[in-house]
Amino acid sequence: LKYSLILDKTFFNWLYKNGKKILSKNYNLISHAIYKSCKFKAYVVKKDEKEKNLRAILNYGHTFAHAIETINNYSKKIIHGEAVLIGMMLAARLSNHMKYLSSKDLSDIKEIYKQLKLNYNYENFVNKKNIKKIFKIMSNDKKSNGKAINIILLKKIGTATKPGKVIIDNKEVKKFLTKLIYCSNNI
């Protein structure tokens, strides 16, 4: 799903069409999805073996995910893949909030999560009790300079922002998280 969101809308549409069959263990479709994902990752890594630029798009959703994992002490409450799924949804919502991603694309992303019964319920992990800790962890992330966070967002399904091009002031991130917690229907 991550590769489709950051690199290929056609793959996103294919996953939407075939996702239920993949999750019900259709091995031909699973093989195709894995093959496509490996090709995407190999393409990105080959273009940027030293992690100087393009490879950063592979971190889509990870800024939020790492904060969620850290706040849960890397426990079994949430595994990395689940944290990344939630992080990708939060990043999609932030993309929309920052006017990069259309509401239609955000709706389509939410729909594939619902259709495939993928957990994107952040409320158990990002809430009123821990919002300050989550924000502090994000502010101390390696992609943050203490005043702003360098983050990968979506321009549209299949196209991520260029690495280093979206640097969001910490105040804006805090505003987004606060609005998310207190007015979740509006974001």
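As the structure is a prediction and not an experimental result, all values here were calculated from the model.

Caption draft 1: The packing of aromatic side chains, seen in detail. Counted by the stated rule, this structure contains five aromatic pairs. Ring geometry for tyrosine 3 against phenylalanine 40: centres 6.4 Å apart, planes inclined by 20 degrees, an arrangement best described as stacked. Here tyrosine 3, found in helix α1 (residues 2-7), pairs with phenylalanine 40, found in helix α3 (residues 27-47); they are 37 residues apart in sequence, far enough to count as distant. On the basis of relative accessibility, which here comes to 13%, the residue phenylalanine 40 falls in the buried class. With centroids separated by 5.6 Å and ring planes inclined at 45 degrees, the aromatic side chains of phenylalanine 11 and phenylalanine 40 adopt a geometry described as tilted. With phenylalanine 11 in helix α2 (residues 9-23) and phenylalanine 40 in helix α3, this residue pair connects regions lying 29 residues apart in the sequence. In this structure, phenylalanine 11 and phenylalanine 40 share a single accessibility class: buried.

Caption draft 2: Structural detail: the packing of helix α4 (residues 62-71) against helix α7 (residues 131-139). One way to put it is that α4 packs onto α7 with a least axis distance of 9 Å and a crossing angle of 125 degrees. Our classification of the angle between α4 and α7 gives oblique. Here the hand of the crossing between α4 and α7 comes out right-handed. Of α7, the residues touching α4 (which contributes Thr63, Phe64, Ala67, Ile68, Thr70 and Ile71) are Lys133, Ile134, Ile137 and Met138.

Caption draft 3: Local environment of a positive patch on the surface. Taken together, the side chains of Lys9, Lys155, Lys156 and Lys162 make up a positively charged region of the molecular surface. With respect to the helices and strands, lysine 162 occurs in the loop between β3 (159-160) and β4 (167-169). On the basis of relative accessibility, which here comes to 54%, the residue lysine 162 falls in the exposed class.

Calculation rules
- Residues numbered from 1 in each chain as written.
- Predicted model: local features only at pLDDT ≥ 70, side-chain atom pairs only at ≥ 80, totals over all residues.
- Heavy atoms only, no water.
- Phe/Tyr/Trp six-rings, centres within 6.5 Å; stacked < 30°, edge-to-face > 60°.
- Helix = DSSP H or I, 4+ residues; strand = E, 2+ residues; numbered from the N terminus.
- Buried < 20%, exposed > 50% of the residue type's maximum accessible area, 1.4 Å probe, protein only.
- Axes fitted to C-alpha atoms, helices over the stretch in contact; angles between N-to-C directions.
- Parallel < 35°, antiparallel > 145°, perpendicular 65-115°, else oblique.
- Left-handed = near helix turned anticlockwise from the far one by under 90°.
- Contact = heavy atoms within 4.5 Å.
- Patch = residues over 30% accessible without salt bridge, like charges linked within 9 Å, V, L, I, M, F, W, Y side chains within 5 Å.
- Areas by Shrake-Rupley, 256 points an atom, 1.4 Å probe, with all protein chains shown as cover.
- Salt bridge = Lys/Arg side-chain N within 4 Å of Asp/Glu carboxyl O.
- Lys, Arg positive; Asp, Glu negative; His and termini not counted.
- Charge placed at Lys NZ, Arg CZ, Asp CG, Glu CD.

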